[in-house]
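Okay, here's what each chain looks like letter by letter:
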Amino acid sequence: ELEAGLVDHINSFSIWSAGRDGKRLYRSLAPTNRAKVVAFLDVDVKKLSGGGYFDRERSVHVPIVDWTCAGEPHFQPTVVCVKSNLHAGFEENL
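Residues numbered from 1 in each chain as written. Predicted model: local features only at pLDDT ≥ 70, side-chain atom pairs only at ≥ 80, totals over all residues. Heavy atoms only, no water.

**A word on the overall build of the protein**
The secondary structure content of the protein amounts to 4 helices and 6 strands. Shown N-terminal to C-terminal, the secondary structure of the protein runs as helices and strands in the order α-β-α-α-β-α-β-β-β-β. When each of the 94 residues of the protein is scored for burial, the buried share is 34%. Total accessible area on the protein stands at roughly 5,800 Å², and carbon and sulfur atoms take up 53% of it. (Helix = DSSP H or I, 4+ residues; strand = E, 2+ residues; numbered from the N terminus. Buried < 20%, exposed > 50% of the residue type's maximum accessible area, 1.4 Å probe, protein only. Areas by Shrake-Rupley, 256 points an atom, 1.4 Å probe, with all protein chains shown as cover.)

**Quick notes on the packing of aromatic side chains**
By the definition in use, this model includes 4 aromatic pairs. Measuring from ring centre to ring centre gives 5.8 Å for F40 and Y53, while their planes differ by 80°; the resulting arrangement is edge-to-face. Placement of the pair is F40 in strand β2 (residues 37-42) and Y53 in strand β3 (residues 53-55), with a sequence separation of 13 residues. A relative accessible area of 0% places F40 in the buried class. Three or more aromatic residues joined by ring pairs make a cluster, and in this case those are Y26, F40 and Y53. (Phe/Tyr/Trp six-rings, centres within 6.5 Å; stacked < 30°, edge-to-face > 60°.)

**Topic: unusual backbone geometry**
The amide bond that connects Q76 to the next residue, P77, takes the cis arrangement and shows omega of -5°. Here P77 lies in the loop between β5 (64-66) and β6 (78-80). A positive phi angle, near 135°, is found at S17, a position not held by glycine. S17 sits in the buried class, given a relative accessible area of 11%.

**Regarding the pairing of β2**
The buried count for β2 comes to 5 of 6 residues, which makes it a mostly enclosed element. With 4 bridges connecting them, strand β1 (residues 13-16) and β2 associate as parallel partners. Considered in β2, the bridge of I15 is made with F40. Bridge count between β2 and β5: 3 bridges; the pairing is parallel. If you follow D42 over to β5, its bridge partner there is D66. (Pairing = 2+ DSSP bridges.)

**Quick word on the pairing of β1**
The alternating pattern of β1 places F13 and I15 and S14 and W16 on opposite faces, both of which are buried. Pairing between β1 and β6: 3 bridges, direction parallel. Bridged to S14 within β6 is T78.

**Quick notes on the pattern of salt bridges**
Enumeration over the complete set of coordinates arrives at 5 salt bridges. A salt bridge links R34 to E57, with the shortest nitrogen-to-oxygen separation between them at 3.4 Å. Taken as a pair, R34 in helix α3 (residues 31-34) and E57 in the loop between β3 and β4 (60-62) lie far apart in primary sequence, 23 residues in all. Here D44 ties to K47 by a salt bridge, and the two come within 3.9 Å at their closest N and O atoms. Take D44: its relative accessible area is 30%, and that puts it in the partly exposed class. Since its relative accessible area comes to 28%, K47 is described here as partly exposed. Taken together, the shared-partner salt bridges connect R34, D55, E57 and R58 into one network. (Salt bridge = Lys/Arg side-chain N within 4 Å of Asp/Glu carboxyl O.)

See below:
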């Protein structure tokens, strides 16, 4: 439903979460829609310094950037893929 209702109709987007759930979402997308992902956004310093995510199927590198980039037009829209109640106040700040 996410692909048919949103992703099929946009040119690019980012995924907020470079963890298990964000990568699982990315891998679940059709290859044409995976190509639309410009970056993963995250707060974890280890993930940010890891150099990004390498998509073996498409042989491309998807960068992982700091969550503060979410406000920049290049990273919008952003699909949020974060477990609820993970960080205090997160949902209130969306």
